[in-house]
Amino acid sequence: MHQALELARRAADNGEVPVGALVVRGGECLGRGGNQPIGLADPTAHAEILALREAARREGNYRLPGSTLYVTLEPCGMCIGAMIHARVERVVFGAHDPKTGAAGSAADLVNLPMHNHRLQVTGGVLSQACGDLLRDFFRSRRGRRL
């Protein structure tokens, strides 16, 4: 999660919402990503999606069984869907997202009965540090608009 936090800090330095993610399997990092929807002009360029894309390219396969995705913020519905399709084994996230979190906070897309893959979820890892980074980012942006 410390590496994901560093990726989130880099995203913030680029004016993006500070979210960082990495895909790991067997102790090896397969893919990394920091939020880039603004810079890439791509609404799908969430940290999780970018990490999954890099991992899939590296593996030469869109399926990533046995992998864990670490992310600083509870994933949204799009990202949960991508993880399920990629057969990620587990997602570990930092801060809960009561507005758009789809791993139990605002919605629970992980446990829908129609999915043929079950994603294990662990939330709240380094939640204070992850949440502080987000709060500081948005506080600084609100301050600029005043």
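Conventions used here
- Residues numbered from 1 in each chain as written.
- Predicted model: local features only at pLDDT ≥ 70, side-chain atom pairs only at ≥ 80, totals over all residues.
- Heavy atoms only, no water.
- Helix = DSSP H or I, 4+ residues; strand = E, 2+ residues; numbered from the N terminus.
- Rg over C-alpha atoms; globule rule 2.2 N^0.38 Å.
- Buried < 20%, exposed > 50% of the residue type's maximum accessible area, 1.4 Å probe, protein only.
- Contact = heavy atoms within 4.5 Å.
- Phe/Tyr/Trp six-rings, centres within 6.5 Å; stacked < 30°, edge-to-face > 60°.
- Salt bridge = Lys/Arg side-chain N within 4 Å of Asp/Glu carboxyl O.

> Can you walk me through the overall build of the protein in this structure?
Assigned secondary structure in the protein consists of 4 helices and 5 strands. Taken from the N to the C terminus, the helices and strands of the protein come in the order α-β-β-α-β-α-β-β-α. The C-alpha radius of gyration of the protein comes to 14 Å, within 12% of the 15 Å expected for a compact globule of 146 residues. Projected onto its principal axes, the C-alpha positions of the protein cover 50 × 30 × 25 Å. Taken over 146 residues, the protein has a buried fraction of 43%.

> Help me understand the side chain of asparagine 35 in this model?
When you line up the elements, asparagine 35 lands in the loop between β2 (28–34) and α2 (47–59). With a relative accessible area of 9%, asparagine 35 lands in the buried category. Once residues within four sequence positions are removed from consideration, asparagine 35 is found in contact with Ala11, Glu16, Val17, Val19, Ala45, His46 and Ala47.

> I'm lost on the packing of aromatic side chains in this one. Help?
Centre distance and the angle of the planes are the two values used to describe a pair of aromatic rings. All chains considered together, the criterion is met by 1 aromatic pair. Measuring from ring centre to ring centre gives 5.1 Å for phenylalanine 137 and phenylalanine 138, while their planes differ by 80°; the resulting arrangement is edge-to-face.

> Any chance you could explain the pattern of salt bridges here in plain terms?
Should the charged atoms of two oppositely charged side chains come close, the side chains can pair. Tallied over the entire structure, the rule returns 7 salt bridges. Across the salt bridge formed by aspartate 132 and arginine 135, the nearest N and O atoms sit 2.8 Å from each other. Here the residue aspartate 132 and the residue arginine 135 both occupy positions in helix α4 (residues 127–145), the gap between them amounting to 3 residues, near one helical turn. Under the relative-accessibility criterion, aspartate 132 is labelled partly exposed at 30%.

Worth remembering: the numbers are spatial, not functional.
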